[in-house]
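# Remarks on the overall topology
Here is how the chains run, residue by residue.
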Amino acid sequence: MSEDSFLLQVMDVSKEFRGHKGGQFVAVKNASLQIQQGQTFGLVGQSGGGKTTLGLMIMGLVRPTSGEIRYRGQSITGVSEKALRPLRREIQMVSQNPLEALNPVKTVGQSIALPLINFGFSRLHRRSRVAEVLDLVGLKSADADRYPHEFSGGQAQRICIARALAIEPRFVFLDEPVSSLDVSIQAQVLNLLMDLQEEFGLTYLFVAHDISVVSFISDRMAVMQRGTILESGATRDVISNPQSDYTKDLLASVVNVPRKTSARESG
Amino acid sequence: MPEGRGDGALLKVDNLHTHFFLPNGVLKAVDGMSLEVERGEVVAVVGESGSGKSVTALSILRLIPRHQGRIVDGRLLFKGHDLMKKSNREMQEIRGKQIAMIFQNPYAALNPVIRLGDQLIETARKHRAVTKSEGLELSLELLTHLDLEDPERIVRLRPFQVSGGINQRIMLALALIGEPQLLIADEATTMLDSLTQVEILELIDRVQRETGMAVLLISHDLGVVAQVSDRVVVMYMGQRVEQAPTGEILTSPKHPYTIGLRESAPDLETKGKRLPQIQGSPPDPQNLPQGCRFAPRCPHAMERCIQSSPPDFRLDDNTLVKCWLFETGSPT
């Protein structure tokens, strides 16, 4: 596998946060991972394990203490904000709580248009693009004039996905995108994410604490605990042959029961 | 519900209606809900947000804020006594001592400025005739029993200084200190990560076995409650749509909604393909469909389902389904 096939490479990255009393907390410790173009890389682990911090470093929102992150072969750590700007258009994010991620006093259309304004789309172009992405995520173009509180959690998450996709990114960091959603809605959003990936060749970093969700959507995955990546590999291998005790515990926490479902016959 | 079963039950909720009166109309959060909990039994109530699970729990404890809503119909029997007829003072004797409840967010449920130990002592003294030092001793004993490491140190801390898992153990201790006969756990593990979740559930399970108290476990996650419950009651839009022993709900769910819930949750074997999903979203609770409430999303909906709401059909002693597909069963 050549180096070029990786859209994103995280190389030996650490992040240390320092407290005001000189205390320090190592959120991420010597993490390395590589994500191939068009694939989904899953990151699973407990809360406080460093998953989000790692994602935010990839987003360029948190600076690593050491190590390097390369996007399309180009280093994005330690470069100027100006040099990062063209890349910001390619790297987008969807966070856990959609109703907190949307501005409550702006219409959905205004929220989705914001990244478009930022990257210089004309007013006319913006309007058609907002309608386009709303349609992509299964909402109506008339929804652009409504406010976030008028939507359910699942619909609001669709809006956040629409906003992330508005400027046609290549890479999307999905930070617990379904954990605040009800089970039936969770399936809709997971299916939507997979459809969009197929249609646009998107690359995902998918972070979640639920190993069954991560294993479902990821081509490759890593297990993180207390800032350290314990193991990583093809999802199938990690699931069927876990190496660390922590991964084994996570797998054991999932109830696996045979499905035998029929609406009528069994009654 | 035929007479017999449920009458000797520890808790019997019968045709409960709890409505909220909002400026723009009535919200029927719980609308004809029934369930029973036998002594020593663990019953899970499963449903999505807005299904009325929490309102059912709060109704049982008569904790619905009076200016917002009220129980408009139905019966609540606890050990055969009608909770609806109890005075506020009598209810206060029941809350915490006979029926205790733990909530989803321990940070919100605990007092942020009072040391954890003092909160335990206060509760111990409320429910048992003990002195402060006896209360502390009792609390430490209980915390040790709940696998809390270094309880002497923890009781001197305040809620924000400890993790969610520890706070949830404190909540559990607060609930258990009055030695209740029924514990209601409302999404008690939802905020915790998967491993801590398992720990807390195992703890509830163990205490339940030791004390023989009954547990009403409320959750949106069927997978979570399946690990410890004897029976599952599935709720949708304020009503019970299915009730069956846990094993049966997991292996052969009957109601199309339960089937949808089961199938739409990914497990470790579903990989690469699309998940079966329940179409659409729940209806507006202030504008419910006139027939079956699930009909607009149901893959099996018939003309009849849109016309009229199905009764509960009893398939056997333990299984009830509120769905016209099961009309062959006897309506209750």
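All values derive from a computational prediction rather than experimental measurement. (Residues numbered from 1 in each chain as written. Chains lettered and ligands numbered in written order. Predicted model: local features only at pLDDT ≥ 70, side-chain atom pairs only at ≥ 80, totals over all residues. Heavy atoms only, no water.)

## What about the sheet that holds strand β5 (residues 74-75) of chain A?
Residue and element names in this part refer to chain A. With antiparallel pairing, four strands are arranged side by side in an open sheet as β2-β1-β4-β5. Every interior strand has two partners, whereas the edge strands, β2 (24-36) and β5, have only one. As paired strands, strand β1 (residues 6-18) and β2 are joined by nine bridges and run antiparallel to one another. Its bridge partner being in β2, Gln 9 is matched across the sheet by Gln 34. Of the strands in this sheet, β1, β2 and β4 (66-71) are in contact with helix α1 (residues 51-58), which crosses β1 at around 120 degrees. (Pairing = 2+ DSSP bridges. Helix = DSSP H or I, 4+ residues; strand = E, 2+ residues; numbered from the N terminus. Contact = heavy atoms within 4.5 Å. Axes fitted to C-alpha atoms, helices over the stretch in contact; angles between N-to-C directions.)

## Looking at the nonpolar core
Core analysis: the biggest nonpolar cluster contains 67 residues, and Ile 102, Leu 120, Ile 170, Leu 172, Leu 183, Leu 217 and Tyr 257 of chain B have the highest contact counts within it. Among the elements that line this core, the one with the most residues is helix α7 (residues 164-176) of chain B, at seven residues. Residue contacts for Leu 183 of chain B: discarding those within four places in its chain leaves Ala 100, Leu 172, Ala 175, Ile 204, Met 213, Ala 214, Val 215 and Leu 216 of chain B. One finds Ala 166, Leu 193 and Ala 208 of chain A together with Leu 268 of chain B within the second-largest nonpolar core, a separate group that totals 56 residues. (Core = buried A, V, L, I, M, F, W, Y, C linked by side-chain atoms within 4.5 Å. Buried < 20%, exposed > 50% of the residue type's maximum accessible area, 1.4 Å probe, protein only.)

## A word on empty space enclosed by the protein
All names here are of chain B. Within the structure shown, the criterion is met by four cavities of 30 Å³ or more. The space that makes up the largest cavity amounts to roughly 80 Å³. For the largest cavity, the lining is made up of 13 residues, of which Cys 292, Cys 298, Cys 305, Cys 323 and Trp 324 are closest to its centre. Class assignment for the residues of the lining of the largest cavity results in 10 nonpolar, two polar and one charged. Here the second largest cavity is characterised by a volume of approximately 50 Å³. If you go around the second largest cavity, the residues you meet are Tyr 236, Gln 239, Val 241, His 255, Cys 292, Arg 293, Phe 294, Ser 309, Pro 310 and Lys 322. (1 Å grid on protein atoms, 1.4 Å probe; cavity = no way out; pocket = protein on both sides within 12 Å on 5 of 7 lines; lining within 4 Å. Points joined across faces, edges and corners; volume = space filled by probe spheres on them. Nonpolar A, V, L, I, M, F, W, Y, C, P; charged D, E, K, R; others polar.)

## Quick notes on the packing of aromatic side chains
Residues and elements named next belong to chain B. A complete count under the given rule lists four aromatic pairs over all chains for this structure. Both rings, one in Tyr 236 and one in Tyr 257, keep their centres 4.5 Å apart while their planes meet at 50 degrees; by these two values the pair is tilted. Within this pair, whereas Tyr 236 is found in strand β9 (residues 231-236), its partner Tyr 257 is found in helix α11 (residues 256-264), the two being separated by 21 residues in sequence. Residue Tyr 236 shares its accessibility class with Tyr 257, and that shared class is buried. (Phe/Tyr/Trp six-rings, centres within 6.5 Å; stacked < 30°, edge-to-face > 60°.)

## Brief notes about unusual backbone geometry
Residue and element names in this part refer to chain B. Within the chain, Arg 62 stands out as a residue other than glycine whose phi angle is a positive 55 degrees. With a relative accessible area of 23%, Arg 62 lands in the partly exposed category. Phi is positive for Glu 179, close to 50 degrees, though the residue is something other than glycine. Within the secondary structure layout, Glu 179 lies in the loop between α7 and β7 (182-186).

## Some points on the interface of chain A and chain B
At the junction of the two partners, chain A supplies 41 residues and chain B supplies 42 residues. In total, chain A and chain B occlude about 3,700 Å² of area from one another, counting both sides; carbon and sulfur atoms represent 55% of this. Our enumeration of links across chain A and chain B arrives at one salt bridge. Between Arg 274 of chain B and Asp 195 of chain A there is a salt bridge, and its shortest N-O distance comes to 2.5 Å. One can count eight residue pairs in polar contact (both at pLDDT 80 or more) joining chain A with chain B. Among the elements of the structure, α7 (183-200), α8 (211-217), α9 (235-240) and α10 (245-252) of chain A are those that each provide at least two residues to the side of chain A that touches chain B. (Buried area = accessible area lost by both parts, 1.4 Å probe. Salt bridge = Lys/Arg side-chain N within 4 Å of Asp/Glu carboxyl O. Polar contact = N/O pair within 3.5 Å; in protein donor to acceptor, adjacent residues only side chain to side chain.)

## Structural notes on the packing of helix α6 (residues 153-165) of chain A against α7 of chain A
Residue and element names in this part refer to chain A. Where α6 contacts α7, the axes come no closer than 10 Å and their chain directions differ by 15 degrees. Between α6 and α7, the crossing angle belongs to the class labelled roughly parallel. The crossing of α6 and α7 is right-handed. Of α7, the residues touching α6 (which contributes Gly 154, Gln 157, Arg 158, Ile 161 and Leu 165) are Ile 185, Gln 188, Val 189, Leu 192, Leu 193 and Leu 196. Considered class by class, the residues forming the contact of α6 with α7 number seven nonpolar, three polar and one charged. (Parallel < 35°, antiparallel > 145°, perpendicular 65-115°, else oblique. Left-handed = near helix turned anticlockwise from the far one by under 90°.)

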